[in-house]
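Residue-level listing of the chains:
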Amino acid sequence: MHHDHGPGGHHHGHGSTGRALWASLALTAALGAIQIGGAIAFDSLALISDAVHNLSDGVAVALAVGAAWLAGLPARGGLTFGFRRAEVLAAVINSVVLIGLSLFIVIEAVQRLDRAPEIAGGGVAVIGAIGVVLNAVPVVLLLRAGARGNLNANATMLHFAADVLASLATLAAGLVIALTGWVAADAIASIAVAALIVVGAARVLRDAVRGLLEVAPAGVDVEAIGRRLCALDGVADVHDLHVWEISDGFPMLATHVVVEPGVDQHGMLHRMERILRDEFAIAHVTIQIDIHHARGLAIQHRLEQPREAP
């Protein structure tokens, strides 16, 4: 049996990308505080929903930054993979809370459609404009830092791009109220933002549940892997093939491979590792090599009895 971690490693949040993530986290926290303060001052539900959206992305940024630190902790005791799954658990909790908050916002917004309070549209529009700017800054920072080449950073950048749209909806609602006095625009904008939150949270929850159930990573064709390994000269059978993901960007594979007698087992192992790494982007593999026999093996174990002391 052979276990291989591959020549490379997983590095998240280092260098310029890490600095961009930290800056994005600071901006998100500041903007969330501004939006909550404005929501209370102007009695705007749209600002509350926008604040929830931004703060949820703050949690996503914190997870992206914290993933590097957690992944660096040594495995100890029963935690044979360290704390890599902590990110998945946090994503599940975060998604469930977000969906619950979004449903509360929608219920409150529907009630406000009939009895909308007086809302300071100008103030809502100003904070919405601030949100557009402060959410656009992280998008630019992450793009310049090469976020498209980093899974966590790229996902975070997309979150901020969605935040720009949410802040635009808040800005539009504030302008409509200020110019026309139609206060129902605030409730409608909050419903739109809540829907955006639910869509994003549902996707995160789906991916997190897939990870907890150890489903094969998205885009990985397990059948194709089995057929590729079986097609190698000298391979008689591939069985007990499992592909799963410990955390985002950490896929693993384990399988039993039966080879014909006389096959160079070490050569076959290295060949399979190269195929899995280069063709399927799986570097963390455990492969059990067995020799093909015409008849079933009768394996017996003889326990050595301890010798008596003279």
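In this text the structure is predicted, and so the values were computed from the model without any measurement. (Residues numbered from 1 in each chain as written. Predicted model: local features only at pLDDT ≥ 70, side-chain atom pairs only at ≥ 80, totals over all residues. Heavy atoms only, no water.)

**Observations regarding the overall build of the chain**
Broken down by element type, the chain carries eight helices and four strands. Helices and strands in the chain line up, N terminus first, as β-α-α-α-α-α-α-α-β-β-α-β. Taken over 310 residues, the chain has a buried fraction of 40%. Expressed as a percentage of contacts within the chain between residues at least 6 apart in sequence, the contacts between residues at least 24 apart total 73%. Looking at the chain as shown, the accessible area adds up to about 16600 Å², and 63% of this sits on carbon and sulfur atoms. (Helix = DSSP H or I, 4+ residues; strand = E, 2+ residues; numbered from the N terminus. Buried < 20%, exposed > 50% of the residue type's maximum accessible area, 1.4 Å probe, protein only. Contact = heavy atoms within 4.5 Å. Areas by Shrake-Rupley, 256 points an atom, 1.4 Å probe, with all protein chains shown as cover.)

**Digging into the nonpolar core**
Counting residues in each nonpolar core, the largest one holds 20 residues, and the members touching the most others are I225, L253, V257, M272 and I287. Among the secondary structure elements, those contributing two or more residues to this core are α7 (222–230), β2 (235–245), β3 (251–259), α8 (265–280) and β4 (284–291). Tallying contributions element by element places α8 first for this core, with five residues. (Core = buried A, V, L, I, M, F, W, Y, C linked by side-chain atoms within 4.5 Å.)

**Comments concerning helix α6 (residues 184–212)**
Relative to the 42 Å expected for 29 residues at 1.5 Å per residue, α6 spans 42 Å between its end C-alpha atoms, a close match to the ideal helical length. In the segment just after α6, E214 is the residue with positive phi, at about 55°. (Expected span 1.5 Å × (residues − 1).)

**With respect to the pattern of salt bridges**
Tallied over the full model, the rule gives six salt bridges. Of the charged contacts, one joins D43 and R112 as a salt bridge, the two residues approaching to 2.9 Å between their closest N and O atoms. Of the two residues, D43 sits in the loop between α1 (15–42) and α2 (45–72) while R112 sits in helix α3 (residues 86–114), which places them 69 residues apart along the sequence. We classify R112 as buried; its relative accessible area is 10%. The partner of R277 in a salt bridge is D278, with the nearest N and O atoms 3.4 Å apart. Overall, the relative accessible area of 29% leaves R277 in the partly exposed class. One salt-bridge network, held together by shared partners, links D43, E108, R112 and D186. (Salt bridge = Lys/Arg side-chain N within 4 Å of Asp/Glu carboxyl O.)

**Here we look at unusual backbone geometry**
Residue E214 is not a glycine yet carries a positive backbone phi of 55°. Mapped onto the secondary structure, E214 falls in the loop between α6 and α7. A positive phi angle, near 50°, is found at D240, a position not held by glycine. Structurally, the position occupied by D240 is in strand β2. What makes D240 partly exposed here is its relative accessible area of 46%.

**Thoughts on the side chain of D186**
Its place among the elements puts D186 in helix α6. With sequence-adjacent residues up to four places away left out, D186 is seen in contact with S44, L45, A46, R112, I119, A173 and I177.

**Topic: the confidence of the model for the chain**
Per-residue pLDDT for the chain has a mean of 80; in total, 80% of the residues score no lower than 70. When pLDDT is averaged over each element of the chain, α8 comes out on top at 95 and strand β1 (residues 2–4) at the bottom at 54. In the model, residues 6–14 has pLDDT below 50 throughout and makes 13 contacts with residues more than four positions away in sequence or in other chains. Contacts for the low-pLDDT stretch residues 295–305, under 50 throughout, to residues beyond four places or in other chains number zero contacts. (pLDDT = per-residue confidence, 0-100.)

**Digging into the pairing of β4**
Of the strand pairs in this sheet, β3 and β4 are connected by eight bridges, and their pairing is parallel. In the sheet register, A254 faces β4, and the bridge partner there is T286. (Pairing = 2+ DSSP bridges.)

**Points about a nonpolar patch on the surface**
A cluster of nonpolar side chains, contributed by V110, L113, W182 and I188, occupies part of the molecular surface with about 370 Å² of accessible area. Inspection of the secondary structure puts L113 in helix α3. Its relative accessible area of 38% is what places L113 among the partly exposed residues. (Patch = residues over 30% accessible without salt bridge, like charges linked within 9 Å, V, L, I, M, F, W, Y side chains within 5 Å.)

**A word on the environment of A136**
Here A136 is to be found in helix α4 (residues 121–144). C-alpha separation for the pair A136 and A161, spaced 25 residues apart in sequence, amounts to 7.0 Å.

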